[in-house]
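# Architecture at a glance
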Number of protein chains: 2
Amino acid sequence: MAKLLVLYKTPTDAAAFDKHYAETHIPIAKKIPGLRHYEISRGPVGTPAGLSGVHLVTTLTFDNAAAIQAAFASPEGQAAAADVGKFATGGVDMFIFETAAV
Amino acid sequence: MAKLLVLYKTPTDAAAFDKHYAETHIPIAKKIPGLRHYEISRGPVGTPAGLSGVHLVTTLTFDNAAAIQAAFASPEGQAAAADVGKFATGGVDMFIFETAAV
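Residues numbered from 1 in each chain as written. Chains lettered and ligands numbered in written order. Predicted model: local features only at pLDDT ≥ 70, side-chain atom pairs only at ≥ 80, totals over all residues. Heavy atoms only, no water.

Further remarks concern the side chain of Ser 41 of chain B. As for its placement among the helices and strands, Ser 41 of chain B is situated in strand β2 (residues 37-47). By relative accessible area, which is 5% here, Ser 41 of chain B ends up buried. Residues in contact with Ser 41 of chain B, not counting those within four places in the same chain, are Phe 97, Glu 98 and Thr 99 of chain A together with His 55, Leu 56 and Val 57 of chain B. (Helix = DSSP H or I, 4+ residues; strand = E, 2+ residues; numbered from the N terminus. Buried < 20%, exposed > 50% of the residue type's maximum accessible area, 1.4 Å probe, protein only. Contact = heavy atoms within 4.5 Å.)

Written out as C-alpha cells, the structure is:
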C-alpha cells in the first residue's frame, strides 16, 4: 500500500476550517480515483511534549505510489488539491510513501 | 483507534540509520505495551513537488490516546524513546491523535 499523509497546520479560523473540511473537502476527496481508505484525526493533535501546531492529520491510502501520482493527475485529484487552497489557511505538509507492516 | 505518527528527518548517515532502525529500534519498539499495529514507510518519502526532507515515516496504532500516554510512561516505551536519540540524527517530529475513518 501507499499513503498520502497530510498535516494541516493550525488555521486562522479553526471553526471555519472544520466546517469546510467536513462539508466540502471530504465529499470532494472521496471522489479521488484509486482511494482505498481515508482516515482523519479526531480532536487535538498532540506531541509527547504538548501542543503540536498541527490542527488535522489525514491519511489517504492507495494501492501504490503510482496510484497516488495518477490520483493527483486526475480531474478529481486536481479538484481536491484546488479545494485545499480554500481552507488550509495555516499551510499544509504532504508526504507520499509506500508502507509495510513490521 | 489512536496513532503515534513519527517523522524522521533526513539523517546524517542514512545507511547507519536504516541499519539501527531495522536491527535495534524495531525489536525495542515492538515490545511497547498496547501496540496494536506498527507500520513504516518503505523507500523514499516524497511530496507532490519532489523531495520531502523526511527519511522515514512510522505509524504506531493503539486503542486510544490514553493507551499511548501509558505506553510512553512504561519501561518499554521509555527504552524506545531513549533509543530514538541514538539514531535520529536529523531530528524527529512526533504527533499523537485519535483517528476515524471517513
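Let us keep going from here.
Superposing chain A onto chain B requires a rotation of 180° together with a translation of 0.0 Å along the rotation axis, leaving an RMSD of 0.0 Å. What the rotation and shift describe, once combined, is the action of a two-fold rotation axis. The position closest to the rotation axis in chain A is occupied by the C-alpha of Leu 5 of chain A, lying 5.1 Å away. When the interface residues of chain A are mapped onto chain B, 100% of them are again interface residues, pointing to one common binding face. (Least-squares fit on C-alpha atoms with pLDDT ≥ 70 in both.)

Let us look at the pairing of strand β4 (residues 54-62) of chain A. All names here are of chain A. When you tally the buried positions in β4, you get nine out of nine residues, the bulk of the element. Strand direction decides the pairing type here: strand β1 (residues 2-9) and β4, joined by eight bridges, are antiparallel. Among the inter-strand pairings, Leu 4 is bridged to a residue of β4, identified as Leu 60. Judged from the four bridges that link them, strand β2 (residues 37-47) and β4 form a sheet pairing that is antiparallel. (Pairing = 2+ DSSP bridges.)

Moving on to the interface of chain A and chain B. Note: interface size is frequently given as the accessible area lost on complex formation between the parts. With 29 residues of chain A in contact, the opposing surface of chain B contributes 29 residues. Across the chain A to chain B interface the summed buried area is about 2,500 Å²; carbon plus sulfur atoms make up 66%. If you look at where chain A meets chain B, you find two salt bridges. For Glu 39 of chain A, the salt bridge goes to Lys 3 of chain B, with nearest N and O atoms at 2.6 Å. Within the residue set of the side of chain A that touches chain B, elements represented by two or more residues are β1, β2, β4 and β5 (92-101) of chain A. Looking at the side of chain A that touches chain B element by element, the count peaks at 10 residues for β2 of chain A. Split into classes, the residues belonging to the side of chain A that touches chain B amount to 18 nonpolar, six polar and five charged. (Buried area = accessible area lost by both parts, 1.4 Å probe. Salt bridge = Lys/Arg side-chain N within 4 Å of Asp/Glu carboxyl O. Nonpolar A, V, L, I, M, F, W, Y, C, P; charged D, E, K, R; others polar.)

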